[in-house]
2 protein chains.
Amino acid sequence: MATSFLTINKNILFYSAAFASLLLLLKLLETQLLFTTYLFELYITAVALIFTALGVWLALKLVQPKTVVVEKAVYLPASANFVLNEAALAALGLSHRELEVLQLMAAGYSNQQIAGRLFVSLNTIKTHSSKIFEKMQVQRRTQAVDKARRLGIVV
Amino acid sequence: MATSFLTINKNILFYSAAFASLLLLLKLLETQLLFTTYLFELYITAVALIFTALGVWLALKLVQPKTVVVEKAVYLPASANFVLNEAALAALGLSHRELEVLQLMAAGYSNQQIAGRLFVSLNTIKTHSSKIFEKMQVQRRTQAVDKARRLGIVV
DNA sequence: TTGGCACTCATACTTTAGGGTGATTTTGAT
DNA sequence: ATCAAAATCACCCTAAAGTATGAGTGCCAA
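- The name given to chain A in an unreviewed UniProt entry is DNA-binding response regulator, with Mucilaginibacter hurinus as the source organism.

Put into structure tokens, the structure is as follows:
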């Protein structure tokens, strides 16, 4: 709050200063006959430059900053009983369906069997598994299962 | 390559058109005595608007939206408090080499990678895995890994 | 010394998994 | 109402996994 207000004020001050400098420049130029013939062109150029800068400033200021997800360390409870690690699951961005497929993978089912269990086609399971591997940054289902177990998102 | 060049060309064309329109507007205004007194102000306003737009366009176009999302979950190391179930292992009748292969399978390695690690050929690993599946009475490596985990003969 | 077992490797073949692309439908949130 | 993500499915192709069979070597115990 306070910082943004200060920032805006600083910008206003900057722009005022720039404008004053421009006016001063114009006055100076008016006194010089040599430059009088090019006064109009100079003026336009200055205006163009200044408002280009204004546009840049506007765009950079108004475009909302991108959200940066902070790194987080998630540790499993050292106990034997399983609790789903919601944080890790959320971090991976797996959808509900993808989690289902992953769990069946971990149980040792083939894609064909998973398709049968979930009443969808083999191709659908292939699509799901591809997205799972992509999101988990692995190449094979065994890697995915191993990682999922260590993350605590699968039994 | 080709697309960016085309895009730039399109932008150049757009700006040329805008500029031509502006000149035309000026000519029109010059013919109107009524507007002549405000011609300079109008001109400046137009230039300001156009170059503000240019600034916005520049900023949005040139500033690449690099959103670096650092998402990292720390998971359990492979062996936390694991105790090998000797009895289950003996009951399965797995040989030492077969257990090695099974453990690497559980870690998510491909047959080719396992072969490289154990300095043997891919075919040898295939033979081993076939015998493993036979002894464990499973069909797939994922099933073998799952069963091995539940039996406590693998991390 | 010999038969069984573990380990190795090969060839040939079938099945499953995975990558890439594109499309449609459902659903959820604004 | 509309836009984005999720979920569904298809086709094509390559890679990996798995099956079957046979075979050579070395080791150990009967």
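There's plenty left to go through after this.
**Here's the deal with the pattern of salt bridges**
Here's step 1: Enumeration according to the criterion identifies eight salt bridges over all chains in this entry.
Here's step 2: Between E100(A) and R97(A) there is a salt bridge, with its nearest N and O atoms 3.1 Å apart. Here E100(A) and its partner R97(A) are both found in helix α5 (residues 96-106), three residues apart, which amounts to about one turn of the helix.
Here's step 3: Accessibility expressed as a relative area gives 21% for E100(A), which makes it partly exposed.
Here's step 4: The salt bridge partner of R149(B) is D146(A), with a shortest N-O separation of 3.0 Å.

**Regarding the nonpolar core**
Here's step 1: Within the largest apolar cluster, 24 residues are counted, with the highest numbers of intra-cluster contacts made by L94(A), V101(A), L102(A), I114(A), I132(A), M136(A) and I153(A).
Here's step 2: Among the secondary structure elements, those contributing two or more residues to this core are α4 (86-92), α5, α6 (111-118), α7 (122-136) and α8 (141-151) of chain A.
Here's step 3: Broken down by element, the residue count for this core peaks at six residues, all from α5(A).
Here's step 4: Not counting residues within four places of it along the chain, the set of residues in contact with M136(A) comprises L92(A), L102(A), A144(A), K147(A) and A148(A).
Here's step 5: Counting 23 residues, the second largest nonpolar core, distinct from the first, contains L89(B), M105(B), A144(B) and V145(B).

**As for α6(A)**
All names here are of chain A.
Here's step 1: All of the buried residues along α6 are N111, I114, A115 and L118. Buried residues of α6, seen end-on, are gathered within an arc of 100° and therefore sit on one face of the element.
Here's step 2: At its buried positions, α6 is contacted by α5, α7 and α8.

**Brief notes about the environment of M105(A)**
Here's step 1: Turning to its location among the elements, M105(A) is positioned in helix α5.
Here's step 2: Expressed as a C-alpha distance, the spacing of M105(A) and V145(A), which sit 40 residues apart in the sequence, is 7.0 Å.
Here's step 3: Those residues in contact with M105(A) that sit more than four places away from it in its chain are N111(A), I114(A), S129(A), F133(A), R141(A), V145(A) and T142(B).

**Quick notes on helix α6 (residues 111-118) of chain B**
Here's step 1: Lining the buried residues of α6(B) we find α5 (96-106), α7 (122-136) and α8 (141-151) of chain B.
Here's step 2: Positive backbone phi, at 60°, marks F119(B), one or two positions downstream of α6(B).

**Side note on the protein's contact with DNA strand D**
Here's step 1: DNA strand D sits among 18 residues. The nearest are S95(A), S121(A), H128(A), K126(B) and R141(B).
Here's step 2: S121(A) is positioned such that a nitrogen or oxygen atom in its backbone is 2.7 Å from a phosphate oxygen of DNA strand D.
Here's step 3: Listed by contribution, the elements that provide at least two residues to the surface near DNA strand D are α5 and α7 of chain A together with α7 of chain B.
Here's step 4: Top contributing element to the surface near DNA strand D by residue count: α7(A), with four residues.
Here's step 5: For the surface near DNA strand D, the class distribution of residues is two nonpolar, 11 polar and five charged.

Cut-offs used in this document
Residue positions are counted from 1 within each chain, in the order its sequence is given. Chains and ligands are labelled by the order in which they are written, letters from A for the one and numbers from 1 for the other. Side-chain atom pairs in this predicted model are given and counted only at pLDDT of 80 or more, local residue features only at pLDDT of at least 70, and totals for whole chains, interfaces and linings cover all residues. The side-chain values count all of the structure's non-hydrogen atoms but skip hydrogen atoms and water molecules. What counts as a salt bridge is simple: a side-chain nitrogen of Lys or Arg found within 4 Å of a carboxyl oxygen of Asp or Glu. For helices the rule is a DSSP run of H or I covering at least 4 residues; for strands it is a run of E covering at least 2, with both sets numbered from the N terminus onward. Only protein chains enter the area calculation, which uses a 1.4 Å probe; residues under 20% of their type maximum are buried, those over 50% are exposed, and those in between are partly exposed. Here, the term nonpolar core denotes a set of buried Ala, Val, Leu, Ile, Met, Phe, Trp, Tyr and Cys residues that are joined through side-chain atoms within 4.5 Å. Here, residues are in contact when the closest pair of their heavy atoms is within 4.5 Å. The directions from the helix axis to the C-beta atoms are what the arc is built from. For this purpose, a residue is taken to be near a molecule or strand whenever a single non-hydrogen atom of the residue falls within 4 Å of it. Here a polar contact is taken to be a pair of N or O atoms separated by no more than 3.5 Å, where protein atoms must pair a possible hydrogen donor with a possible acceptor and residues adjacent in sequence count only if both atoms sit in side chains. Here the term charged refers only to Asp, Glu, Lys and Arg, the term nonpolar to Ala, Val, Leu, Ile, Met, Phe, Trp, Tyr, Cys and Pro, and the term polar to all other amino acids, Gly among them.

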